[in-house]
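Each chain, written out:
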Amino acid sequence: AQKVTQAQTEISVVEKEDVTLDCVYETRDTTYYLFWYKQPPSGELVFLIRRNSFDEQNEISGRYSWNFQKSTSSFNFTITASQVVDSAVYFCALVEEGGSEKLVFGKGTKLTVNP
Amino acid sequence: EADIYQTPRYLVIGTGKKITLECSQTMGHDKMYWYQQDPGMELHLIHYSYGVNSTEKGDLSSESTVSRIRTEHFPLTLESARPSHTSQYLCASSRPGPLSGYTFGSGTRLTVV
């Protein structure tokens, strides 16, 4: 069965620091998709990125970057030069192709960026 | 602009009351989902639907029920609310295929007193 582990429950940094959020996943499928979502205090889930299992290219979007490594089953998320507005809970998630296509979430990492 | 709508946004209700949380989407998505989020953040799938007249229980057992009479509407009902039902409930929808991603509503924060 699929599983997502976010070992860091809470992280606190000072503004402008870089921070990496870890995500390790388990799946028996060869085709799967990984996601990161942001949940600000308002409660909605905001989609950040989707990556399929055949695309190991790292991606950068502004201050955000993602490092996907199949060899270690990891999909880590780095925020460069963090800002107070980055404070939120971040979820990593996995869905396997075929079957029920249910999105399974990690437990989330609460990031607090202090001014 | 949200394409998936949840109402109410906040609800405080007494024990034993019947409640229905509304979820509607305007994207024509066949698949819809309900997630329950603990106060401790963890998200659990409690119900999902592949289309009209299709409903399935999720990974976490829930006393709630759902219905899917119309494609755009996926309400969740609690016949008798209890304090243990206090949680945030998030509705989502998707097109067929995981690559399309999931769109989430803003959630309903339910408090049962």
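Computed from a predicted model, the values in this text were never measured in an experiment.

Asks: Give a description of the overall build of chain A that names residues and reports values.
Replies: Scanning chain A for helices and strands turns up zero helices and twelve strands. Taken from N to C terminus, the helices and strands of chain A fall in the order β-β-β-β-β-β-β-β-β-β-β-β. Here the C-alpha radius of gyration of chain A, 14 Å, is about what a compact globule of 115 residues would show, namely 13 Å. Once the C-alpha set of chain A is aligned to its principal axes, its extents read approximately 45 × 25 × 20 Å. Per-residue burial for chain A yields a buried fraction of 47% across its 115 residues. For chain A, the share of sequence-separated contacts (at least 6 apart) that also reach a separation of at least 24 residues comes to 56%. With 11 positive and 15 negative side-chain charges, chain A shows a spacing of 3 Å between the two charge centroids.

Asks: Requested: an account of the packing of aromatic side chains, with residues and values cited.
Replies: Throughout the structure, instances matching the rule amount to 20 aromatic pairs over all chains. An angle of 90° between the planes, with centres 6.3 Å apart, marks the rings of Phe35(A) and Tyr102(B) as edge-to-face. With one member in each of two chains, Phe35(A) in strand S5 (residues 32-39) and Tyr102(B) in the loop between strand S9 (87-94) and strand S10 (103-104) form a pair that bridges those chains. There is no split in this pair, since Phe35(A) and Tyr102(B) are both buried. Seen from their ring centres, Trp66(A) and Phe77(A) are 5.0 Å apart, and the 5° between their planes marks the pair as stacked. Of this pair, Trp66(A) sits in strand S8 (residues 64-69) while Phe77(A) sits in strand S9 (residues 74-79); the two residues are eleven residues apart in sequence, bridging distant segments of the chain. In this structure Phe77(A) comes out as buried when scored by relative accessible area, which is 0%. Ring-pair connections join several aromatic residues into one group, and the members of that group are Phe35(A), Tyr37(A), Phe47(A), Phe91(A), Phe105(A), Tyr33(B), Tyr35(B), Tyr102(B) and Phe104(B). Note that Arg68(B) overlies the ring of Phe74(B), its terminal NZ or CZ placed 5.8 Å from the centroid.

Asks: Could you give me a rundown of the nonpolar core, with the residues and numbers involved?
Replies: Side chains that are nonpolar tend, in soluble globular proteins, to be buried together. Counting residues in hydrophobic clusters, the biggest one holds 23 residues, and the most contacted among them are Trp36(A), Phe75(A), Phe77(A), Tyr90(A) and Leu111(A). Elements supplying a minimum of two residues to this core: strand S2 (10-14), strand S3 (19-21), S5, S8, S9, strand S10 (88-96) and strand S12 (109-114) of chain A. It is S10(A) that provides the largest number of residues to this core, a total of four residues. Contacts of Phe77(A), omitting those with residues within four sequence positions, involve Val19(A), Thr20(A), Leu21(A), Trp36(A), Leu48(A), Tyr64(A), Ser65(A), Trp66(A) and Tyr90(A). Residues Tyr33(A), Tyr37(A), Tyr48(B) and Tyr102(B) belong to the second largest nonpolar core, which totals 20 residues.

Asks: So, the layout of surface pockets: which residues are in play, and what are the values?
Replies: Taken as a whole, the largest pocket holds about 360 Å³ of empty space. In terms of lining, the largest pocket is formed by 20 residues, of which the most central are Gln39(A), Val89(A), Pro39(B), Met41(B) and Arg109(B). Counting only elements with at least two residues in the lining of the largest pocket, the list comes to S10 and S12 of chain A together with S9 and strand S11 (108-112) of chain B. Of the residues belonging to the lining of the largest pocket, the class tally is eight nonpolar, nine polar and three charged. By volume, the second largest pocket is sized at about 160 Å³.

Asks: Would you mind going over the sheet that holds strand S3 (residues 19-25) of chain B in detail, with residue names and values included?
Replies: Hydrogen bonds along the backbone pair up the strands of a sheet, which may run parallel or antiparallel. All names here are of chain B. The strand order across the open sheet formed by four strands is S1-S3-S8-S7, and the pairing between neighbours is antiparallel. On the outer flanks of this sheet lie strand S1 (4-7) and strand S7 (65-66), each paired with one strand and no other. The pairing of S3 with strand S8 (residues 76-78) spans three bridges and is antiparallel. The residue bridging Ile 19 from the neighbouring strand is Leu 78, located in S8.

Asks: Explain the confidence of the model for chain B to me, and be specific about the residues and the numbers.
Replies: Taken over all residues, the pLDDT of chain B has a mean of 91, while the share at 70 or more is 95%. Mean pLDDT across the elements of chain B bottoms out in S10(B) (90) and peaks in S3(B) (97).

About the thresholds
Residues numbered from 1 in each chain as written. Chains lettered and ligands numbered in written order. Predicted model: local features only at pLDDT ≥ 70, side-chain atom pairs only at ≥ 80, totals over all residues. Heavy atoms only, no water. Helix = DSSP H or I, 4+ residues; strand = E, 2+ residues; numbered from the N terminus. Rg over C-alpha atoms; globule rule 2.2 N^0.38 Å. Buried < 20%, exposed > 50% of the residue type's maximum accessible area, 1.4 Å probe, protein only. Contact = heavy atoms within 4.5 Å. Lys, Arg positive; Asp, Glu negative; His and termini not counted. Charge placed at Lys NZ, Arg CZ, Asp CG, Glu CD. Phe/Tyr/Trp six-rings, centres within 6.5 Å; stacked < 30°, edge-to-face > 60°. Lys NZ or Arg CZ within 6 Å of the ring centre and 35° of its normal. Core = buried A, V, L, I, M, F, W, Y, C linked by side-chain atoms within 4.5 Å. 1 Å grid on protein atoms, 1.4 Å probe; cavity = no way out; pocket = protein on both sides within 12 Å on 5 of 7 lines; lining within 4 Å. Points joined across faces, edges and corners; volume = space filled by probe spheres on them. Nonpolar A, V, L, I, M, F, W, Y, C, P; charged D, E, K, R; others polar. Pairing = 2+ DSSP bridges. pLDDT = per-residue confidence, 0-100.

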